[in-house]
Amino acid sequence: MNNRSFNEVETIILGAGISGLTLGHCLNNRDKDFLIFESSKYIGGNISTKNKKGFICENGPNTVLINNKSVQNLISDLKIKNDIIYPNNNNNKRFLLKKGKLIKIPQSFTQFIMSNILSLNAKVRIFLEIFIKKSDNSLSVYDFFRRRFGKEFHDILIEPFLTGVYAGNTRKMSIKHVLKKIWELEQNYGSVILGFIKKKSRNISPKSFNFKNGLSDLTNKIQQKIKDKIRFNSKVTSISKIGNLYEITVNNDVKYRCSKLITTIPAYALSEIIFDKKLSQILKKIYYCPIYVLHLGIEKQKIKDDIGGFGVLTKPSDNKSFLGIIFNSRIFPHVAPVDKDLMTVMVGGTRQEQLLKTDKNLLFDKIVSDIRKLISYSGQIIMKHDFLWEKGIPQYGLDHDYITKEIKNFENKNKDLHILGNYVNGISVSDCIEKASILSKRL
C-alpha cells in the first residue's frame with residue numbers, strides 16, 4: 001500500500017473459479033505480480049464438492065477431461081498425478097429411455113446397427129449424410145442434425161446428449177459453437193461421416209478423472225500455492241479505464257489500479273460493472289439456464305435393475321421430472337460407502353424451468369417416485385443433498401458468433417484487458433484450464 005488513493009498491482013484477476021485459479025497458478029510460476037479478487041468466501045466457482053454421510057457430492061462438474069496439454073501440465077505442476085482417480089471402465093455404458101425403460105446406447109457400430117434404438121428408416125437415413133452438401137451458414141444444432149442425419153437421429157441421440165452438457169434447447173444452440181469439432185468436420189470434408197473416417201486414426205478418446213475427495217481437491221491444491229494472492233469477500237463493484245491503466249473498486253470502497261486486467265466472472269456479473277455500455281448490453285444477451293442438482297444416497301442391494309453405467313439422459317418426449325441421472329458410484333466407487341450407491345439427479349434447464357417453481361418437497365417426492373420405477377428401487381433414501389444454480393449453464397445461442405466477435409473487438413480496443421470464462425470458447429473445466437494457460441503466456 002502507498003500514499004496514493006489507490007493500490008497498484010501489475011495484474012488483477014476477477015474470480016477464483018478454475019479459470020482465475022489456473023491463470024493465477026501460471027503467473028505465480030513466473031513470479032508475476034498479481035492479485036485475485038473473489039466476491040465470496042470460497043474458491044472454485046462452479047467446482048463445488050460436498051461430503052455428506054460418507055457420500056462425495058459434486059454440485060457442479062463431476063469430472064475433468066485430460067484432453068489438452070494444459071490440463072496435463074497443471075496436473076504435473078501441482079504434483080497430483082498420483083491422486084487422480086479414473087473411472088471404472090467396466091461401467092462405461094450410457095442409457096436412454098425407451099417406453100419408460102432403461103436402454104443401453106450402442107458402444108460400437110455393429111451394436112448400433114443391430115440395436116432397436118433407431119428405426120430402420122432412420123438408420124438408412126444416416127448413410128445418406130455423405131451425399132448432402134455442406135452448410136453455407138452456421139445453423140442451430142437441431143437444424144444441422146435434422147438436415148444431415150434426420151429428425152429421429154437428433155431426437156433420440158443428439159438432444160439427450162446435449163441435455164447432459166448444456167441443459168438447453170437444441171433449436172436455439174449454435175452448432176458452430178456447441179459442437180465445434182462436428183461443424184469443422186462438415187466444413188472441412190463436406191461430410192461428418194467422411195470426416196470421422198479420415199481423422200479416425202488420429203483420434204484418441206480422452207480420459208476423465210476425479211479425486212479422492214472430489215474435484216475440489218484440484219482447486220484446493222491451487223489455492224495452497226497462491227493463497228496469499230487471493231482476496232476473499234472482495235466484490236468488484238466497478239471497472240474504469242484511466243489512460244492505459246484499469247481501475248477497479250472493491251466493495252464500493254477500496255480502489256486498485258493495474259496495467260493488466262483479466263475477468264473470469266460470469267457474463268451477467270461483468271455486464272453490471274464494465275465501463276463499456278455496448279459490451280455491457282452484449283453480455284446481457286448470454287442466457288444462463290437454472291439447474292437443480294439433487295444427490296441421493298441409496299441402498300445398493302435394493303436396486304433390482306442394471307445401473308452399471310455412467311447414467312441416463314432424457315428427451316422431452318420421455319416426460320420425466322428430471323433431465324438426467326448420473327450413477328456416480330458405479331463410475332467412481334469411492335464416492336459412496338461400500339454397500340451404498342450415489343446418484344446425481346439434474347432438473348431444470350430450458351426445458352424444465354417451470355418445474356423448478358414447484359414446491360421443493362413435492363418436486364423431491366415426484367423425482368424419487370420416478371426413480372423408484374425407473375430402477376425398480378424398494379429401499380430407503382439414506383442421504384439427500386441438493387443445490388440450486390439459479391444461473392447455471394451459459395447457452396451458446398444462434399447469436400454467439402456476434403457475441404464472441406464483439407468481445408474480441410472490445411479486447412482489441414482495450415489492451416491487456418481479457419475476458420475469460422465458460423461463456424466463450426468452451427464450457428468444460430478442461431476448456432477453461434486451457435484458455436487460462438494460453439493467456440498466461442501472453443501476459
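Refer to the structure presented above.
Definitions and cut-offs
- Residues numbered from 1 in each chain as written.
- Predicted model: local features only at pLDDT ≥ 70, side-chain atom pairs only at ≥ 80, totals over all residues.
- Heavy atoms only, no water.
- Helix = DSSP H or I, 4+ residues; strand = E, 2+ residues; numbered from the N terminus.
- Rg over C-alpha atoms; globule rule 2.2 N^0.38 Å.
- Buried < 20%, exposed > 50% of the residue type's maximum accessible area, 1.4 Å probe, protein only.
- Contact = heavy atoms within 4.5 Å.
- Areas by Shrake-Rupley, 256 points an atom, 1.4 Å probe, with all protein chains shown as cover.
- Pairing = 2+ DSSP bridges.
- 1 Å grid on protein atoms, 1.4 Å probe; cavity = no way out; pocket = protein on both sides within 12 Å on 5 of 7 lines; lining within 4 Å.
- Points joined across faces, edges and corners; volume = space filled by probe spheres on them.
- Nonpolar A, V, L, I, M, F, W, Y, C, P; charged D, E, K, R; others polar.
- Phe/Tyr/Trp six-rings, centres within 6.5 Å; stacked < 30°, edge-to-face > 60°.
- Lys NZ or Arg CZ within 6 Å of the ring centre and 35° of its normal.
- Core = buried A, V, L, I, M, F, W, Y, C linked by side-chain atoms within 4.5 Å.
- Salt bridge = Lys/Arg side-chain N within 4 Å of Asp/Glu carboxyl O.
- Axes fitted to C-alpha atoms, helices over the stretch in contact; angles between N-to-C directions.
- Arc of directions from axis to C-beta.

Right, let's talk about the overall build of the protein chain for a bit. When helices and strands are tallied, the protein chain shows 16 helices and 21 strands. For the protein chain, whose C-alpha radius of gyration is 23 Å, the value lies close to the compact-globule estimate of 22 Å for 443 residues. Taken along the three principal axes of its C-alpha coordinates, the protein chain extends 75 × 55 × 45 Å. Residues counted as buried form 52% of the 443 residues belonging to the protein chain. Taking the contacts inside the protein chain whose residues are at least 6 apart along the sequence as the reference set, 69% of them involve residues at least 24 apart. Carbon and sulfur atoms make up 50% of the accessible area of the protein chain, which totals about 21,900 Å².

A two-sided burial pattern is seen for strand S5 (residues 55-58), the buried positions comprising Phe55 and Cys57 on one face and Ile56 and Glu58 on the other. Bridging between strand S4 (residues 49-52) and S5 involves 4 bridges; their strand directions are antiparallel. Bridge pairing links asparagine 51 to isoleucine 56 in S5. Linking two consecutive strands that pair antiparallel, namely S4 and S5, is a turn of 2 residues; a positive phi of about 55 degrees is found at lysine 53 within it.

Turning to the layout of surface pockets, a few remarks are in order. One number sums up the size of the second largest pocket: a volume of about 230 Å³. In terms of lining, the second largest pocket is formed by Asn169, Lys172, Met173, Lys285, Ile286, Tyr287, Thr350, Gln395, Gly397, Leu398, Asp399 and Ile403. Residue composition of the lining of the second largest pocket, by class: 5 nonpolar, 4 polar and 3 charged.

Here the focus is the packing of aromatic side chains. For the structure on display, the rule yields 12 aromatic pairs. Ring plane angle 65 degrees and centroid distance 4.8 Å describe the contact between phenylalanine 37 and tyrosine 256, whose orientation is recorded as edge-to-face. Of this pair, phenylalanine 37 sits in strand S3 (residues 34-37) while tyrosine 256 sits in strand S14 (residues 254-258), placing them 219 residues apart in sequence. Each member of the pair, phenylalanine 37 together with tyrosine 256, is buried. Plain terms: the ring middles of phenylalanine 144 and phenylalanine 145 are 5.3 Å apart, the flat faces sit at 80 degrees to each other, and that makes the pair edge-to-face. Over the ring of phenylalanine 364 we find lysine 384, and its NZ or CZ is 4.3 Å from the ring centre.

A few words now on the nonpolar core. One broad trend across soluble globular proteins is that nonpolar side chains are buried collectively. Counting residues in each nonpolar core, the largest one holds 34 residues, and the members touching the most others are Leu118 and Phe145. Residue assignment for this core shows that the elements contributing at least two residues are helix H4 (120-127), helix H5 (141-149), helix H6 (151-165), helix H7 (175-178), helix H8 (180-189), strand S16 (288-299) and strand S20 (381-394). Of the residues forming this core, the biggest block, 5 residues, is contributed by H6. Ignoring sequence-local partners within four residues, the contact set of phenylalanine 145 consists of Gly150, Phe153, His154, Ile158, Ile175, Leu179 and Ile182. In terms of nonpolar packing, the next biggest core, distinct from the first, is built from 33 residues, Ile13, Ile36, Leu78 and Ile230 among them.

We now examine the sheet that holds strand S1 (residues 7-8). One open sheet accounts for 4 strands, arranged S1-S14-S13-S12; its pairing is mixed. The open sheet terminates on both sides in strands that have one partner only, identified here as S1 and strand S12 (236-242). As paired elements, S1 and S14 share 2 bridges and run parallel to each other. Within the sheet, the bridge partner assigned to asparagine 7 lies in S14 and is tyrosine 256.

Per the counting criterion, the structure on display carries 16 salt bridges. With a closest N to O distance of 3.2 Å, lysine 278 and glutamate 406 form a salt bridge. Taken as a pair, lysine 278 in helix H12 (residues 277-283) and glutamate 406 in helix H15 (residues 400-413) lie far apart in primary sequence, 128 residues in all. Using a relative accessible area of 15% as the deciding quantity, one classes glutamate 406 as buried. Beyond isolated ion pairs, a larger network of salt bridges with shared partners links Glu129, Arg147, Arg148 and Glu186.

This next bit is on the sheet that holds strand S6 (residues 64-66). Read across the open sheet, the 3 strands follow the order S6-S10-S7; overall the sheet is antiparallel. The open sheet has two edge strands with one neighbour each: S6 and strand S7 (84-85). Looking at chain direction, S7 and strand S10 (residues 207-211) are connected through 2 bridges and run antiparallel. Following the sheet pairing, isoleucine 84 is matched in S10 by phenylalanine 211. Helix-sheet contacts for helix H2 (residues 69-78) involve S6, S7 and S10, and the interaxial angle to S6 is about 100 degrees.

Looking now at the environment of leucine 420. Looking at the element boundaries, leucine 420 is found in the loop between strand S21 (417-419) and helix H16 (429-442). Taking the relative accessible area as the measure of exposure, leucine 420 reaches 8% and is therefore buried. Taking the C-alpha atoms as reference points, leucine 420 and serine 19, 401 residues apart in sequence, are found 7.1 Å from one another. Apart from the residues within four sequence positions on either side, leucine 420 is in contact with Leu23, Ile262, Thr263, Thr264, Ile265, Lys435, Ala436 and Leu439.

Another aspect to go through is H5. For H5, every residue scored as buried is listed here: Val141, Tyr142, Phe144, Phe145, Arg148 and Phe149. Looking down the long axis of H5, one finds its buried residues gathered within 165 degrees of arc, a one-sided arrangement. Where H5 is buried, its residues touch H4, H6, H7, H8 and helix H9 (192-199). Downstream of H5 by one or two residues, glycine 150 has phi in the positive range, about 100 degrees.

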